[in-house]
Every structure is written in C-alpha cells, then in structure tokens.
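Residue-level structural notes
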Amino acid sequence: MRDILPPESARWRRFNTVFADIVEAAGYGQLIPPLLEDLGVFTRLGDATDVVTKEMYDFVDKGDRRVALRPEMTAGVCRSFAQHRPTTPWKTYYTGSNFRYEKPQRGRYRQFDQVGIEVLGADDPHVDVEVIALAWEFYRRLGLQHVRLIVNSLGEPGDRARYVEALRVHFEAAGDALSAQSRETLTRNPLRVLDSKREGDRAIIADAPRIADFHTDEAAAHFAAVCEGLRSLGIPFEVEPKLVRGLDYYLRTIFEFQGGTLDSAQNALGGGGRYDGLVEALGGPPTPGVGFALGIDRTLLACDDEGVFPPEPRALDAFVVDVTGGCEAILLTAELRAAGLAVDRGFENRSMKAQMKLANRSGADAALIVGDDELTAGTIVVKPLRSGEEQVTIPRSDLIAHLTGTDRDDR
Ligand code: AMP
C-alpha cells in the first residue's frame, strides 16, 4: 500500500474529474458504496477465483460479522441495486479503492484505485456498445493513442458451462504436457488455463476448443450486434476467442483494454463485461448488468509511457512575502483568496531572502512583496517569477485588478 503524494495526487484527481465529466454527460450518476461489505457479497463472485479464495482482506468485526474490504466494485453495486431497487436502466459510476492481497509489483498493489460504470436492467447489446464506447472516449480524452480493445463472448450460462466442460476434457487429455500450475488451475477453473503465458502451455491452448462454437444463436446474435455497434462508431477492436476474465460472474460480452506500450504483466488497463446473473445471486430480481472497471495505476503508467496526461505543477497565482511581521500577509492572502486567486505565503517572519526562496519554489506566477516602505505608502511590489517581466510597484487597491488582468481592459 502506498501514499500518493503531490503532484501525483493532483493528477489522480484530474483523472477522476475527466472520467466523471464523460460519464455524467452520458447519464450516469455516482454511487458511493461502502469500502466494507458482508463477506457473502464477494463470495458470490465465485470460489474458483483467486480474488475470492486467496486475495480477500476479510476478518471478523467486533459484532462477530464476517466482513471484507472490497476487492472490486461490481459486487457492491449489485448488492446496492438489490437493496434499493432503483428504476432501470440504472446507470451508475464509481471511483475508489479496492483491496487484494496480491504480490505487489509495478502496476499491482494491495490497495489500488479504479474508476468504472455499471448499467443494470437492460440486456440490449447497444448498452454494451455504449459502455465500451465511454471507456474508449475516456482513453481518447487522456490522450492515449495505443490502447488495444479486445472483445469476446462467453455465451449464455449454458454455453459457458458446456464450453468449460469441453476445455476440461481437452486439457486433461494433455496430461503432464500441461504445466503443473495449469494442472492445478484446471482442477479449480478450466477457463483460467487459457490465461497461462507459460511457453509449454501455449501449443495446448492454441488447440483448445473455441467458445464461439458453443454459442447458441441468441448469444451469437447478441455478440454480433455488439461488434456491429462498435464498427458503426469506428472503434477498432479485435475478437479474441481465448479472452477470459478474472472473475467468475461474466457471461456474454467480455472485453479488455490493453496498453500497447506496457509489458504483459501490467498491460491490462481495464476490462469488463456482462454479468446477467449477479444481482439475482445477491438477493435481487433477475437483472441483466454490464460494466467495466479501469485501473488508475496502470492507466497512468500507460500515460507515462506514451508521454500524455502528465502531472501538472501546482498552479499558484501569487506568493505573499511580508517582511513587516506578517500581519499584512494575513489580510492580503485572505482578500486575494476571497477574490478567487490561488495564493500562498511565507510564515514565521523569515528574512526576505528566505521567503523569496519559498516563493520561487512554490511555482507561483508572482511574488507580492510588502516591506516597511510599501506598508507606509499603501503599495505592493509585484515581482513576476516566471515571465521574466520587470517588477512593478502598484497601489494596494489596484492589486486584484492587476493580478486578474482586469486593469488591462481599461487602458
Ligand atoms: P479486474 O477487476 O481484475 O478485472 O481489474 C480491472 C483493472 O483494475 C485491471 O485491468 C487493472 O488495471 C486494475 N487492477 C486490478 N488489480 C490491480 C492491482 N492489484 N493493482 C493495481 N491495479 C489493479
């Protein structure tokens, strides 16, 4: 777990703002679910997933309840839907931290943040298209050019079950040719064997049955409509028949966004899909759902790699340097801040030299200097710190107009 310090923290906030602007403009409202849920909410995600079996921060609270820090957001959103029964389609978005007891490495942390959306109550393939298109627009707005979108369909629940069985037969037939790790995965979740990146497993995976051969007509038509919608929007994608996702609840459409310039351990920037049975599993009425979650850390790593959406230096309009004891600085900063300017100041009545050093380091556009002469004359020295312009002495009463540029219109 890490501290996110300035200026990176400001970049996180901008990231969340860009995201919220896009999805709010598409009719999504923010849901702020609790960080902690009853453990049962997450065990519904499936006991064949590492997230549930190995990575959960679960414990017994003082009231003897089994609770867990959320490892992801979708289950909490569905629990919330089942509890409040809002009108559908329910379009929500969220941003916040999740917790997984994973082995920390670059782009993989035990506390990590995601932004995401979920749409509950509509199984129209056009909803899948909208969801994917909003993530695509978000990447575009960040400036990312090399994101790859891969899509697949896991079919209806029956298709998925028949496919999993066929995979089991296929991988069992491979015997010891399959790596020990994959043989272990096979006993729990044959789908996840498709994720194996081990050299020896590759050929066996390449020959594995394909999910598309197990699709009912209905599932095939739904997926075709999703692909058609993406094409109509000019969103480039590849159908990847071996794509499966980490959590058990997905069926029909699934998708993943990969960062083109990152290595494969961190290149999954985000993903999502349909989970039409999850609300029901959490005690609600049968309700289709589709959504995505995008990891902030990996998306920002991709931004670093592509040289886009950089951290921005703190933007201060002015830094007050008061060498008359500091009382004037109290008033000046308060007045300027009330006028909407971003202003910081020196404290502890330090020397002119020490305060000017702070002013320079602050990144402010200008130092506002008050010495004994200025205090007596009712003036301020405005010394530009970044533009290279000459300093000027102006009446204190003109200061706000001077700093906001409104005086220039009068000339
Ligand atoms: P998932 O919920 O596993 O599908 O993850 C969705 C996205 O969240 C991934 O593509 C990553 O960007 C991000 N993510 C998942 N786990 C972690 C983690 N431990 N640390 C950082 N980001 C993560």
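Anything mentioned here points back to the structure above.
The helix and strand inventory of the protein stands at 16 helices and 16 strands. Relative to a compact globule of 411 residues, whose C-alpha radius of gyration would be 22 Å, the protein shows 28 Å and is clearly more extended. Within the protein, contacts between residues at least 6 apart in sequence are counted, and of these 69% link residues at least 24 apart. Carbon together with sulfur atoms contributes 50% to the accessible area of the protein, which is approximately 19,600 Å² in total.

So, about the site of the ligand. The local shell around the ligand holds 15 residues, among which Arg100, Glu102, Tyr109, Arg245 and Ala268 are the closest. A distance of 2.8 Å separates a nitrogen atom of the ligand from a polar backbone atom of tyrosine 109. At a separation of 2.9 Å, an oxygen atom of the ligand approaches a polar backbone atom of alanine 268. Isolated, the ligand exposes 480 Å² of accessible area, and the fraction of that covered by the protein chains is 92%. Counting only elements with at least two residues in the shell around the ligand, the list comes to strand S6 (111-120), strand S10 (268-274), strand S11 (289-295) and helix H12 (296-306). The element best represented in the shell around the ligand is S10, accounting for three residues. For the shell around the ligand, the class distribution of residues is five nonpolar, four polar and six charged.

Remark: the empty space left among the atoms is shown by a probe the size of a water molecule rolled over them. In the structure shown here, the tally under the stated rule is two cavities of 30 Å³ or more. If you add up the space inside the largest cavity, you get close to 60 Å³. Broken down by class, the residue content of the lining of the largest cavity amounts to five nonpolar, two polar and four charged. In this model, the second largest cavity occupies a volume close to 30 Å³. The wall of the second largest cavity is formed by Pro33, Pro34, Glu37, Phe42, Arg70, Glu72, Met73 and Gly76.

Moving on, we get to the environment of histidine 84. By the secondary structure assignment, histidine 84 is in helix H4 (residues 74-84). Remark: the alpha-carbon pair of histidine 84 and aspartate 407, spanning 323 residues in sequence, is separated by 55 Å.

The description of two helices packed together rests on the angle between their axes and the distance between the axes. Packing of helix H1 (residues 8-24) against helix H5 (residues 125-142) leaves a shortest axis separation of 10 Å and a crossing angle of 135 degrees. In terms of their interaxial angle, H1 and H5 are classed as oblique. As H1 runs across H5, the sense of the crossing is right-handed. Counted together, Phe15, Val18, Phe19, Ile22 and Val23 of H1 and Leu134, Glu137, Phe138, Arg141 and Leu142 of H5 form the full contact between these two elements. Considering only residue class, the contact of H1 with H5 consists of eight nonpolar, no polar and two charged.

With that settled, the discussion passes to a positive patch on the surface. Residues Arg350, Lys353, Lys357 and Arg361 make up a contiguous surface patch of positive charge. Its location among the elements puts arginine 361 in helix H14 (residues 352-362). Judged by its relative accessible area of 62%, arginine 361 falls in the exposed class.

This part takes up the pattern of salt bridges. All told, the structure shown has 27 salt bridges when counted by the stated rule. Here aspartate 176 ties to arginine 183 by a salt bridge, and the two come within 3.5 Å at their closest N and O atoms. Residue class for aspartate 176 comes out exposed when judged on its relative accessible area of 65%. For arginine 183, a relative accessible area of 34% corresponds to the partly exposed category. Several salt bridges share partner residues, and in doing so they unite Asp123, Asp128, Glu156, Arg252, Arg274 and Asp276 into one network.

This part is about unusual backbone geometry. Residue proline 7 follows proline 6 across a cis peptide bond; omega there is 0 degrees. Residue placement: proline 7 occurs in the segment before H1. Of note, the phi angle at arginine 252 is positive, near 50 degrees, even though the residue is not glycine. Position of arginine 252 relative to the elements: it lies in strand S9 (residues 251-259). By relative accessible area, arginine 252 is classed as buried at 9%. Phi at phenylalanine 309 takes a positive value of approximately 50 degrees, unusual for a residue other than glycine. Exposure remark for phenylalanine 309: the relative accessible area of 10% places this residue in the buried category.

Each value, and the rule that gives it
- Note that residues are indexed from 1 along each chain, following the sequence as it is written.
- With the structure being a predicted model, the display of local features is reserved for residues of pLDDT at least 70 and the display and counting of side-chain atom pairs for 80 or more, all residues being used for whole-chain, interface and lining totals.
- The basis for the side-chain values is all heavy atoms of the structure; hydrogens and waters are excluded.
- Secondary structure elements follow DSSP: runs of H or I of four or more residues count as helices, runs of E of two or more count as strands, with numbering from the N terminus.
- In this description the radius of gyration comes from C-alpha coordinates, and the expected globular size is given by 2.2 Å times residues to the power 0.38.
- Residue contacts are counted whenever heavy atoms from the two residues lie within 4.5 Å of one another.
- Using a 1.4 Å probe, the Shrake-Rupley method yields the accessible areas, and only the shown protein chains count as cover for residues.
- Throughout this document, a residue counts as near a molecule or strand when at least one of its heavy atoms sits within 4 Å of that molecule or strand.
- Any pair of nitrogen or oxygen atoms within 3.5 Å is treated as a polar contact; in protein, a donor-acceptor pairing is required on top of that, and neighbouring residues in sequence qualify only through side-chain atoms on both sides.
- Here the term charged refers only to Asp, Glu, Lys and Arg, the term nonpolar to Ala, Val, Leu, Ile, Met, Phe, Trp, Tyr, Cys and Pro, and the term polar to all other amino acids, Gly among them.
- Here a cavity denotes grid points, spaced 1 Å and computed from the protein atoms alone, that fit a 1.4 Å probe unable to get out, and a pocket denotes an open set having protein on both sides within 12 Å along at least 5 of 7 lines; residues with an atom within 4 Å of a point are the lining.
- Grid points are joined across faces, edges and corners, and a volume is the space filled by probe spheres set on the points.
- Angles shown run from 0 to 180 degrees and are taken between the N-to-C directions of axes, each axis being a line fitted to C-alpha atoms and, for helices, limited to the stretch in contact.
- When an angle is under 35 degrees it counts as roughly parallel; over 145 it counts as roughly antiparallel; between 65 and 115 it counts as roughly perpendicular; any other value is oblique.
- Handedness of each helix crossing follows the sense of rotation of the near helix against the far helix: counterclockwise by less than a right angle gives left-handed, clockwise gives right-handed.
- Distance thresholds for patches are 9 Å for like charges and 5 Å for nonpolar side chains (Val, Leu, Ile, Met, Phe, Trp, Tyr), applied to residues having over 30% relative accessible area and no salt bridge.
- Whenever a carboxyl oxygen of Asp or Glu lies within 4 Å of a side-chain nitrogen of Lys or Arg, that contact is scored as a salt bridge.
- Neither His nor the chain ends contribute to the count of charged residues, in which Lys and Arg are positive and Asp and Glu negative.
- Lys charges are placed at NZ, Arg charges at CZ, Asp charges at CG and Glu charges at CD.
- Relative accessibility decides the category of a residue: with a 1.4 Å probe and only protein chains considered, values under 20% of the type maximum give buried, values over 50% give exposed, and everything between is partly exposed.

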